[in-house]
Amino acid sequence: MFNTEENIYGNLLNGKWIHNKENLIHIKSPINGELVGSIHAMSREEVDEAINIAKKAQKEWALVPTNEKSKILHNVADLLEERAEEIAKIMVLEIAKDNKSAISEVKRTADFIRFTAETAENIKGESLPGDSFPGFKNDKISIVTREALGVVLAISPFNYPVNLAASKIAPALMAGNSVVFKPATQGAISGLYLAKAFKDAGLPDGLINTITGRGSEIGDYVVTHKDTDFVNFTGSSEIGKRISRITEMKPILMELGGKDAAIVLDDADLDLAAKNIVAGAFSYSGQRCTAVKRVLVTDYVSDTLVEKIVEEMKKVTYGSPLEGNFTVGPLIDTKSADFVEGLIKDAVDKGATLLAGGTREGNIIAPTLFDNVTVDMRIAWEEPFGPVLPIIRVRNMEEAIKIANESEYGLQSSIFTKDINKAFYVASKLEVGTVQVNNKTERGPDHFPFLGVKSSGMGVQGIRYSIEAMSRVKATVINLK
Ligand code: NAP
Ligand code: G3H
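Calculation criteria
Residues numbered from 1 in each chain as written. Chains lettered and ligands numbered in written order. Predicted model: local features only at pLDDT ≥ 70, side-chain atom pairs only at ≥ 80, totals over all residues. Heavy atoms only, no water. UniProt positions renumbered as here; feature names shortened; annotations may be inferred. Helix = DSSP H or I, 4+ residues; strand = E, 2+ residues; numbered from the N terminus. Near = heavy atom within 4 Å. Polar contact = N/O pair within 3.5 Å; in protein donor to acceptor, adjacent residues only side chain to side chain. Areas by Shrake-Rupley, 256 points an atom, 1.4 Å probe, with all protein chains shown as cover. Nonpolar A, V, L, I, M, F, W, Y, C, P; charged D, E, K, R; others polar. Buried < 20%, exposed > 50% of the residue type's maximum accessible area, 1.4 Å probe, protein only. Contact = heavy atoms within 4.5 Å. Pairing = 2+ DSSP bridges. Axes fitted to C-alpha atoms, helices over the stretch in contact; angles between N-to-C directions. Salt bridge = Lys/Arg side-chain N within 4 Å of Asp/Glu carboxyl O. Domains from an automatic or database assignment. 1 Å grid on protein atoms, 1.4 Å probe; cavity = no way out; pocket = protein on both sides within 12 Å on 5 of 7 lines; lining within 4 Å. Points joined across faces, edges and corners; volume = space filled by probe spheres on them.

Before going further, it helps to examine the UniProt feature "domain: Aldehyde dehydrogenase" (unreviewed entry) in the protein. Under the present numbering, the feature "domain: Aldehyde dehydrogenase" (unreviewed entry) in UniProt falls on residues 17-475. Segment residues 17-475 splits into 40% helix and 22% strand. End C-alpha atoms: 40 Å apart.

Now for the site of ligand 2. In the region of ligand 2, the neighbouring residues are Arg108, Asn159, Tyr160, Arg288, Cys289, Thr290, Glu442, Arg443 and Phe450. Note that an oxygen atom of ligand 2 is positioned 2.8 Å from one of the side-chain N or O atoms of asparagine 159. In this structure, arginine 443 approaches ligand 2 through a side-chain N or O atom, which is 2.8 Å from an oxygen atom. Protein chains bury 95% of the 300 Å² of accessible surface belonging to ligand 2 in isolation. Taken together, the residues that form the shell around ligand 2 break down as three nonpolar, two polar and four charged.

This brings us to the environment of methionine 470. Examined against the element boundaries, methionine 470 turns out to sit in the loop between α14 (463-469) and β24 (471-479). By relative accessible area, methionine 470 is classed as buried at 0%. Along the chain, methionine 470 and arginine 294 lie 176 residues apart, while their C-alpha atoms are 33 Å from each other. Excluding its chain neighbours within four sequence positions, the residues that come into contact with methionine 470 are Leu149, Val152, Lys168, Pro171, Ala172, Ala175, Asn177, Phe230 and Asn232.

This next bit is on the sheet that holds strand β13 (residues 292-298). Spatially, β14-β17-β18-β13-β12-β20-β21 is the arrangement adopted by the seven strands of the open sheet, whose pairing is mixed. The sheet terminates laterally at β14 (353-356) and β21 (434-437), the two strands that pair on one side only. On average, adjacent strands in this sheet sit at an angle of 20° to one another, irrespective of strand direction. Sheet topology note: the strand β12 (residues 260-264)/β13 ladder contains five bridges and is parallel. Bridging from a neighbouring strand, valine 264 pairs with valine 297 of β13. Sitting on the sheet, helix α10 (residues 299-313) touches β12, β13, β14, β17 (368-371) and β18 (388-394), and the angle it makes with β13 is about 140°.

One side chain can pair with another of opposite charge once the charged atoms of both are near each other. Under the definition given, this model contains 30 salt bridges. With its nearest N and O atoms 3.0 Å apart, the salt bridge here joins lysine 21 to glutamate 6. Of this pair, lysine 21 sits in the loop between β2 (16-18) and β3 (24-28) while glutamate 6 sits in the segment before β1 (11-13); the two residues are 15 residues apart in sequence, bridging distant segments of the chain. Taking relative accessible area as the criterion, glutamate 6 reaches 45% and is therefore assigned partly exposed. Here aspartate 227 makes a salt bridge to lysine 55, at a shortest N to O gap of 3.1 Å. Within this pair, whereas aspartate 227 is found in the loop between α7 (215-223) and β10 (230-234), its partner lysine 55 is found in helix α1 (residues 44-61), the two being separated by 172 residues in sequence. Since its relative accessible area comes to 9%, aspartate 227 is described here as buried. On the basis of relative accessible area, lysine 55 is assigned to the partly exposed category, the value being 36%. Bridged by salt links that share partners, the residues Asp78, Glu81, Asp111 and Arg114 form one connected network.

Surrounding ligand 1, one finds 31 residues, the nearest of these being Thr185, Gly215, Ser236, Leu256 and Glu383. A distance of 2.8 Å separates an oxygen atom of ligand 1 from a polar atom in the backbone of serine 156. With respect to ligand 1, the backbone of leucine 256 contributes an N or O atom lying 2.6 Å from a nitrogen atom. Burial of ligand 1 by the protein amounts to 88% of the accessible area it has alone, namely 910 Å². Listed by contribution, the elements that provide at least two residues to the shell around ligand 1 are α7, β10 and α8 (237-246). The dominant element in the shell around ligand 1, judged by the number of residues it contributes, is α7, at four residues. Partitioning the shell around ligand 1 into residue classes produces 14 nonpolar, 11 polar and six charged. Of the residues that make up the shell around ligand 1, three or more belong to each of domain 1 (2-257 + 458-475) and domain 2 (261-440).

Empty space within the largest pocket amounts to approximately 1,600 Å³. For the lining of the largest pocket, the elements supplying multiple residues, two or more each, are α7, β10, α8 and α11 (334-349). Here the lining of the largest pocket takes six residues from α8, the largest share from any one element. Class assignment of the residues belonging to the lining of the largest pocket gives a composition of 19 nonpolar, 14 polar and 11 charged. When residues are assigned to domains, the lining of the largest pocket turns out to be shared by domain 1 (2-257 + 458-475) and domain 2 (261-440), each giving three or more.

Turning our eyes to something else, we now look at the sheet that holds strand β23 (residues 457-458). The strand order across the open sheet built from six strands is β9-β8-β7-β10-β11-β23, with neighbouring strands paired in mixed fashion. Looking along the sheet, the strands with just one partner apiece sit at the ends: β9 (208-210) and β23. Relative to β9, strand β8 (residues 178-182) runs parallel, the two sharing three bridges. Looking at the pairing, valine 179 lines up with isoleucine 208 of β9.

Okay, here's the thing in structure tokens:
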């Protein structure tokens, strides 16, 4: 049984839903504080059990032919598509995402899983002749294949509870690993629905085991556990850095926070820039790692760009996700709304020009736009994870690059210009994982490499990259003697 009459969700352990009515965490909706359901805060002993199950199940799974693994993943994708509306309903309540975006997240996840299965089917090894290296004859060949790592620990954030969980689980499984999945506590029920789709699609028992509980209580224990062989984490830079410190030699893949800049140069198409900036900054209330989190615009076009952004912002709607598909809704919790409010106050106190928003009703922050933001303001550097966009006016392209690179983060940047040479020049100077030319910052398409540098991450995600990250090279050298 997935959930009980009292709406307590179980954990998937060795193919069974296990309920424990003690140590419950009650998940309340950020929309109205009503109970969405309850999950169990697992003890260390229960976590040990989940990891042991995964460890045992992995050995056989690694031997299952890739085409059979692929069939199961295709079944999962089909089930997710069938259940998209059902899962979206939970997501709306649990993380206050609007219904349309929630459905689209589930469907994107189905596509992701299918593409992962097909990519894994087409992964090739290689063979290297020894005689290319000086001093060697043609009597050695290295045959390079890939093998699984073992137990992958998948830790996901609240903002994409289905997609950013599946983007770890599906490549891990296709690479022959088993998975221990720890969802964000706020988002855990949506994550459990994903795990249910894997179970119902026929994934053999023990290959996904879920562990619910506060990261602050079980996080350190699981990431350092001797039987978790790889940590695939998405979340804040603060927690990411902690994981990186304590895991010592364990391999990790981490996608963390960002402060993505949209750089707008003198010759940019300003209508295009304004549209992309506003769409990039405010969707899901700015609670996206890749949201546009600052604009760096050259003086020559700044007045016109600001006018266009103000105009574009009139289309940004806000309200309760229970009442419509609004761009901006309640933030995930009161602490987050307080934090964003603090950033707004600091900017106002230090003399930024408030052009829109700046108000708060409960945990809904009205879409907020600041002009004339200066580098002494917190909003110039800190990640709000909320609907606040600062505009920083700069003298020229070089100053834009300098300020962009002074950030501790390095996820993505956008450059708006009609001059392809300038676009390449700026792209080559920016210290980020991805530069978007004449587009908002964004992760997809999901087979593109996706990575952050500096405090924004370690390693590379993206379908093939994730499969490679969660498998290791095995070289077998044939000596023809
Ligand atoms: P978070 O607070 O760092 O939590 C992320 C996950 O880590 C949750 O499952 C959390 O569990 C868990 N966790 C907490 N403490 C832990 C510990 N000591 N050890 C191991 N795991 C622990 O992040 P969030 O608030 O969910 O997400 C927002 C942040 O994630 C933003 O900074 C955003 O930029 C970033 N993010 C980045 C990307 C990207 O791809 N670059 C994508 C999405 C989000 P609990 O929920 O139980 O605390
Ligand atoms: O929140 C972080 C996600 O990885 C961003 O994905 O650009 O598709 O919204 P997205």
